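# Structure at a glance
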Amino acid sequence: MQPFEDESPAPQQRRPGEEIALPGGRRPTLLVADAAADSELLSVLADHGVEVTVAVDGARALLEIGRLAPAAVIISARLPIIDGVTVVRTVRTRDDMPILLGVGPQDRRQAAAGLDAGASACVAKPYRINEILALVRSVRGFGADRTEPGVLRVGGVTLNMVAYEVRVNGIPVRLPPQEFRLLRILLEQAGSVVTRQTLLERVWGTTNHETNTLAVHVRRLRSRLGDTGDDEQPRLIESIRGVGYRFRLVDGPTA
């Protein structure tokens, strides 16, 4: 079968033959625990240098995780024998590997439960090639560029933790302490959903705040970053209803 031709812009430009690589030159192994994973997705992942193993149920997924110790795992929330959330919770008792939880439109409850159980991020089903590649990179440290010590960079947004400075497309932006910490957490996990509870605990040290405290600060942060969220420039900070927020992985300048 011919590899799937994805015509949408790739989240990260790749020269022909270039592969995702782990330290030491190893090829990353990805376990996909989903009987519905189509061959086109598996073919493109393989074309990007990702060695893919498929498990069709939760019990087999746990066996393969123990046997292969994969670099990352994609687990469907709805798996036979052992459900995806239980698999995530079980793996987290002994391993911190990146885990992406595949969720459909009716899986909002499973998405929240999966993140609480330790999933690194949720990814929408049916799977989209570019999103999977971007998330695999992000949870393994490819999302935010850390080529400089103390610097996080995603698209046109740069946060310097040492200089306590934020720039958008090279222009300095002044942020209050809470918004600086909020942006730092979102950039550190760019491409992944960060739950409301996690943000409240890490920014304010407690979850006992007014229900709109976080939403107000996110709204102000968006405004300072020029995050308009219009049709021409999708939101940098996405709201995941009932779960939390995600800083969108981008390649070019922001608005």
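Because the structure is predicted, anything quoted here is derived from the model rather than measured. (Residues numbered from 1 in each chain as written. Predicted model: local features only at pLDDT ≥ 70, side-chain atom pairs only at ≥ 80, totals over all residues. Heavy atoms only, no water.)

Let us look at the overall build of the protein. When helices and strands are counted, the protein shows eight helices and 12 strands. The burial tally for the protein puts 46% of its 255 residues in the buried class. By sequence separation, contacts in the protein at least 24 residues apart represent 54% of the contacts at least 6 residues apart. Summed over its atoms, the accessible surface of the protein is roughly 13100 Å², and 49% of this surface lies on carbon and sulfur atoms. (Helix = DSSP H or I, 4+ residues; strand = E, 2+ residues; numbered from the N terminus. Buried < 20%, exposed > 50% of the residue type's maximum accessible area, 1.4 Å probe, protein only. Contact = heavy atoms within 4.5 Å. Areas by Shrake-Rupley, 256 points an atom, 1.4 Å probe, with all protein chains shown as cover.)

Moving on, we get to helix 7 (residues 196-204). Buried within helix 7 are the following residues: Leu199, Leu200, Val203 and Trp204. On an axial view of helix 7, the arc spanned by its buried residues comes to 95°, and they lie on one face. If you follow the buried residues of helix 7, they end up packed against helix 6 (177-188), strand 10 (193-195), helix 8 (213-225) and strand 12 (244-247). A positive backbone phi angle near 80° is found at Gly205, which sits one or two residues after helix 7. (Arc of directions from axis to C-beta.)

Another aspect to go through is the sheet that holds strand 3 (residues 72-76). Sheet architecture is open: five strands sit in the order 2-1-3-4-5, paired in parallel fashion. Of all the strands in the sheet, the pair left with one neighbour each is strand 2 (51-55) and strand 5 (121-124). Going from strand to strand, the sheet's axes swing by 25° on average, the running direction of each strand aside. Taken together, the four bridges between strand 4 (residues 99-103) and strand 5 define a ladder with parallel strand orientation. Counted as the bridge partner of Val103 is Ala124 from strand 5. In the packing of helix 4 (residues 108-117) onto the sheet, the strands contacted are strand 4 and strand 5, and the crossing angle to strand 4 comes to about 170°. (Pairing = 2+ DSSP bridges. Axes fitted to C-alpha atoms, helices over the stretch in contact; angles between N-to-C directions.)

A few words on the environment of Gln197. In this structure, Gln197 sits in helix 7. What makes Gln197 partly exposed here is its relative accessible area of 41%.

Looking at the element boundaries, Asn169 is found in the loop between strand 8 (165-168) and strand 9 (171-173). On the accessibility criterion, Asn169 (36% relative accessible area) is partly exposed. The sequence separation of Asn169 and Val157 amounts to 12 residues, and the corresponding C-alpha distance is 6.4 Å.

Attention shifts here to the nonpolar core. Ranked by internal contacts, the top residues of the largest apolar core, which has 28 residues, are Leu183 and Phe247. Ignoring anything within four residues of it in the chain, the contact list for Phe247 reads Val154, Val157, Leu183, Leu186, Leu187, Ala190, Gly191, Ser192, Leu225, Leu236 and Ile237. (Core = buried A, V, L, I, M, F, W, Y, C linked by side-chain atoms within 4.5 Å.)

The next subject is helix 3 (residues 84-92). For helix 3, the full list of buried residues reads Gly84, Val85, Val87, Val88 and Val91. Summarising the axial view, the buried residues of helix 3 lie within an arc of 160°, below the 170-degree limit, and thus occupy one face. Residues of helix 3 that are buried make contact with helix 2 (58-68), strand 3, strand 4 and helix 4. Where helix 3 begins, the capping side chain belongs to Asp83, and its oxygen is found 3.1 Å from the backbone nitrogen of Val85. (Polar contact = N/O pair within 3.5 Å; in protein donor to acceptor, adjacent residues only side chain to side chain.)

Pairing geometry for strand 6 (residues 151-154) and strand 7 (residues 157-160), over four bridges, is antiparallel. The residue bridging Arg153 from the neighbouring strand is Thr158, located in strand 7. Between the antiparallel neighbours strand 6 and strand 7 lie two residues, among them Gly155 with a positive phi of about 60°.

The next thing to look at is the pattern of salt bridges. Pairing is possible between side chains that carry opposite charge, provided their charged atoms lie close to one another. One pass over the structure, following the stated rule, counts 10 salt bridges. Here Asp34 and Lys125 are joined by a salt bridge, their closest N and O atoms 2.9 Å apart. Residue Asp34 is found in the loop between strand 1 (29-33) and helix 1 (39-47), and its partner Lys125 is found in the loop between strand 5 and helix 5 (129-139); the two are separated by 91 residues along the sequence. We classify Asp34 as buried; its relative accessible area is 4%. (Salt bridge = Lys/Arg side-chain N within 4 Å of Asp/Glu carboxyl O.)

This part takes up the sheet that holds strand 11 (residues 237-240). Here three strands make up an open sheet; going across it, the order is 10-12-11 and the pairing antiparallel. If you trace the sheet from one side to the other, it starts and ends with strand 10 and strand 11, each paired once. Averaged over neighbouring strand pairs, the angle between their axes works out to 30° when direction is ignored. Two elements, strand 10 and strand 12, share three bridges in a ladder whose sense is antiparallel. Counterpart to Thr195 in the pairing with strand 12 is Gly244. Against the sheet, helix 7 contacts strand 10 and strand 12, and its axis sits at roughly 70° relative to strand 10.

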